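# Close look at the chain arrangement
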Amino acid sequence: MENEFRRLPGVDTVISDERIARLAARYPYDLLVNLVREQLEKARELISSGNPCPSLDDIVQSVSTQLDRLENPALRPVINATGVVIHTNLGRAPMSKETITAMDTISRDYSNLEFDLLTGKRGSRYVHIEDLLCRLSGAEAGMVVNNNASAVLLALSAIAKRKEVIVSRGEAVEIGGSFRIPDVMRQSGAKLVEVGTTNRTYIDDFRDAITPSTAALMRVHSSNFQVIGFTHTVTLEEMTVLGRQVDLPVMDDLGSGCFLDTSEYGLAPEPMVQQSISAGVGLACFSGDKLLGGPQAGIIVGKKKLIDKLKKHPLARAVRTDKTRIAGLAATLLHYLRGEAVEKIPVWRMIAASPDEIASRAIAWAEAFGKQAEVIDGESMVGGGSLPGSTLPTRLVAIGRNGSISASGVRVLSRKLRNSKEIPVIGRINEDVLLLDPRSVLLEEDEIMINILRTVGADL
Ligand SMILES: *Cc1c(COP(=O)(O)O)cnc(C)c1O
């Protein structure tokens, strides 16, 4: 072992290797020295555990691998062929061209983010989007924060701290990613009062639970599960009628939030923002990057008196959103205002795509791959905490059916697609068959998809 340690080159030797010296033209010297030291330290650990000393070549190679890793952004685009249109792990909604341009434009320069061009005085970042939100939802006022989780937290903190909020037991749920209504409630300082049972809640359960400490009645959309069978839920209208009688606001966590009627696309009806407002809720909260199809955001619309309270709350600063996302969200909302959302917003284009349109893409993909690929019927999901249990008929490229590729071969194939150099392709494996759904893949990615499938298929 002592011999092996003696063979280990010094920092200076590695640094003066011509391959590292070449890198010195592009990187600060200190960075290279640190990387070399780290690799030598690793080599010492290897030797200590009984391995031979790595060669100078190995050490130089590992330094440049480390640099490559730093240089190539870890976060990068992927092709989502899972068929889940709003895939939280894959970054939710891809955005419209107009949205991307708006975000790009506002990033380049200074902006009137918090500056009133009329008076030359300090302005509010909320004004740029409030009119659009009010126009689309019918609400008196609106604001935007970081995401819907922070919207709910802010709303509860501002209107219900040290007070009680009544929620149906069936809605005191976990939305995923450790967002649990009881936990958020605790964090906000509000006291959760659960009423009814898991499967049945009536408006009288709410009425009976009201005390002088009650601050709000809350509805949470069951965005990622269904309760079926012997069930009864309280309608939003029943809640707002009761709220008016006792002068308490109704707070509605819509989850996805939606301005279009999903039932027109063969899906279950997702509650719409306009419906909440016309039912008379005090506040409705929803996401920017679920069915809305825009950048990450938490949108709050409702009564002016309540929204004003939220805007002034100290937490609003902590959960505020930045200029690029305000610009992007405004561009996305404009698509709805102009009635062009389905043509312009990628997630809606995907939802509205017909099985025939998808079939012709699937056929081209399957042909590119080769004879182990077939086109079969299947189902796509909207996902992302919306429309649980509701699917869209689609056509899938199925690779390796009837044992044409072994189970381990299918896994290797799926890994190859995931590690594809140009752009990773993410599919899903079901019963040892690799499934690729064109619905969730952008049209403009078909060409690259076909190239990748041709290469991987030819390799088989
Ligand atoms: C998704 C969801 C949230 C969280 O929204 P984010 O925008 O991801 O923060 C909160 N409530 C419900 C009901 C949801 O579906």
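Residues numbered from 1 in each chain as written. Predicted model: local features only at pLDDT ≥ 70, side-chain atom pairs only at ≥ 80, totals over all residues. Heavy atoms only, no water.

### Focus: the overall build of the chain
Helices and strands together make up the secondary structure of the chain, namely 20 helices and 17 strands. Projected onto its principal axes, the C-alpha positions of the chain cover 85 × 55 × 50 Å. Once local pairs closer than 6 in sequence are excluded, the contacts in the chain between residues at least 24 apart make up 75%. Accessible surface computed for the chain: about 22,800 Å², of which carbon and sulfur atoms make up 50%. Looking at charge distribution, the chain has the averaged site of its 54 positive side-chain charges lying 4 Å from that of its 57 negative ones. (Helix = DSSP H or I, 4+ residues; strand = E, 2+ residues; numbered from the N terminus. Contact = heavy atoms within 4.5 Å. Areas by Shrake-Rupley, 256 points an atom, 1.4 Å probe, with all protein chains shown as cover. Lys, Arg positive; Asp, Glu negative; His and termini not counted. Charge placed at Lys NZ, Arg CZ, Asp CG, Glu CD.)

### Considering the sheet that holds strand E14 (residues 391–399)
Here four strands make up an open sheet; going across it, the order is E13-E14-E17-E16 and the pairing antiparallel. Two strands bound the open sheet, and with one partner strand each, they are strand E13 (373–381) and strand E16 (428–430). Ignoring which end each strand starts from, the neighbouring axes of this sheet average 40° apart. In this structure, E16 lies alongside strand E17 (residues 433–436), joined through three bridges in antiparallel fashion. Directly across from Ile429, in E17, lies its bridge partner Leu434. Running over the sheet, helix H18 (residues 355–369) touches E13, E14 and E17 and is turned about 10° from E14. Its contacts with the sheet place helix H19 (residues 407–418) against E14, E16 and E17, and it is angled at close to 30° to E17. (Pairing = 2+ DSSP bridges. Axes fitted to C-alpha atoms, helices over the stretch in contact; angles between N-to-C directions.)

### As for the site of the ligand
Around the ligand, the structure places 13 residues, and the nearest of them are Ala149, Ser223, Asp253, Ser287 and Lys290. Here Ala149 contributes a backbone N or O atom positioned 2.8 Å from an oxygen atom of the ligand. Note that an oxygen atom of the ligand is positioned 2.6 Å from one of the side-chain N or O atoms of Ser287. Residue assignment for the shell around the ligand shows that the elements contributing at least two residues are helix H8 (148–160) and strand E10 (250–255). Per-class residue counts for the shell around the ligand are three nonpolar, seven polar and three charged. (Near = heavy atom within 4 Å. Polar contact = N/O pair within 3.5 Å; in protein donor to acceptor, adjacent residues only side chain to side chain. Nonpolar A, V, L, I, M, F, W, Y, C, P; charged D, E, K, R; others polar.)

### Looking at the packing of H8 against helix H13 (residues 304–312)
The N-to-C vectors of H8 and H13 enclose an angle of 105°; their axes lie 9 Å apart at closest approach. Classified by the angle their axes make, H8 and H13 are roughly perpendicular. Between H8, through Leu154, Ala155, Ala158 and Ile159, and H13, the contact on the second element is made entirely by Leu306, Lys309 and Leu310. Here the contact of H8 with H13 is built from residues that sort into six nonpolar, no polar and one charged. (Parallel < 35°, antiparallel > 145°, perpendicular 65-115°, else oblique.)

### So, H8
Between its first and last C-alpha atoms H8 spans 17 Å; for 13 residues at 1.5 Å apiece the expected length is 18 Å, and the two agree. Burial within H8 is extensive, with twelve of its 13 residues counted as buried. For H8, the complete set of buried residues consists of Asn148, Ser150, Ala151, Val152, Leu153, Leu154, Ala155, Leu156, Ser157, Ala158, Ile159 and Ala160. Taken from the residues just after H8, Arg162 is the one with a positive phi, measuring 60°. (Expected span 1.5 Å × (residues − 1). Buried < 20%, exposed > 50% of the residue type's maximum accessible area, 1.4 Å probe, protein only.)

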